[in-house]
Amino acid sequence: MFDQLVRTIPDGVNLIALKQTDRKLQLKGLAQSSTRVASYMRNLDASEWLKDPSLDILETKGAGDGGSEFTLNAVQENPQLATDSAASPPGPSVATITS
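These numbers come from a predicted model, not from an experiment. (Residues numbered from 1 in each chain as written. Predicted model: local features only at pLDDT ≥ 70, side-chain atom pairs only at ≥ 80, totals over all residues. Heavy atoms only, no water.)

Before going further, it helps to spend a moment on helix α2 (residues 34–46). With 13 residues, α2 ought to run about 18 Å at 1.5 Å a step, and its terminal C-alpha atoms sit 19 Å apart, in line with that. Turning to α2, its buried residues number three or more, namely V37, Y40, M41 and L44. Looking down the long axis of α2, one finds its buried residues gathered within 100° of arc, a one-sided arrangement. When the buried face of α2 is taken as reference, the exposed residues oriented beyond 90 degrees from it are T35, R42 and A46. In the core, the buried residues of α2 are packed alongside α1 (2–8), β1 (13–21), β2 (24–31), β3 (50–60) and β4 (68–76). (Helix = DSSP H or I, 4+ residues; strand = E, 2+ residues; numbered from the N terminus. Expected span 1.5 Å × (residues − 1). Buried < 20%, exposed > 50% of the residue type's maximum accessible area, 1.4 Å probe, protein only. Arc of directions from axis to C-beta. Contact = heavy atoms within 4.5 Å.)

What follows deals with the pairing of β4. Of the strand pairs in this sheet, β2 and β4 are connected by 8 bridges, and their pairing is antiparallel. Paired with K28 across the bridge in β4 is T71. (Pairing = 2+ DSSP bridges.)

Further remarks concern the confidence of the model for the protein. The predicted structure's coordinates, where accompanied by low pLDDT, should not be read in detail. Per-residue pLDDT for the protein averages 83, and the proportion of residues at 70 or more is 78%. Model confidence for the protein, summarised as mean pLDDT per element, is weakest for strand β5 (residues 94–98) at 67 and strongest for β2 at 95. (pLDDT = per-residue confidence, 0-100.)

This part takes up the nonpolar core. Core analysis: the largest hydrophobic core is formed by 13 residues, its most contacted members being L5, L27, V37, Y40, L44, F70 and L72. Secondary-structure elements contributing two or more residues to this core are β1, β2, α2 and β4. In contact with L44, other than residues within four places in its own chain, are T8, L27, L50, K51, P53 and L72. (Core = buried A, V, L, I, M, F, W, Y, C linked by side-chain atoms within 4.5 Å.)

If you want it as structure tokens, here you go:
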């Protein structure tokens, strides 16, 4: 999954936090513009391992080059498993990474 995170991040986007609960991911980051966030979401949607990106928060910081803070959610998929995409593993699991 970390490989896919690296492959999907476009230039001008930096992740500052990642939280995973079961198969759900919450990604927080900084982007040069809202256009870069949209590009990141398209890349996530095209990934075999990460699906259904949804933007939770997009906050533009200041005028000019202030950039944008964002929070988005995605679902981890495993293309090697032939399970229903709505099924979750038994029991909760939580992982949090911050920079």
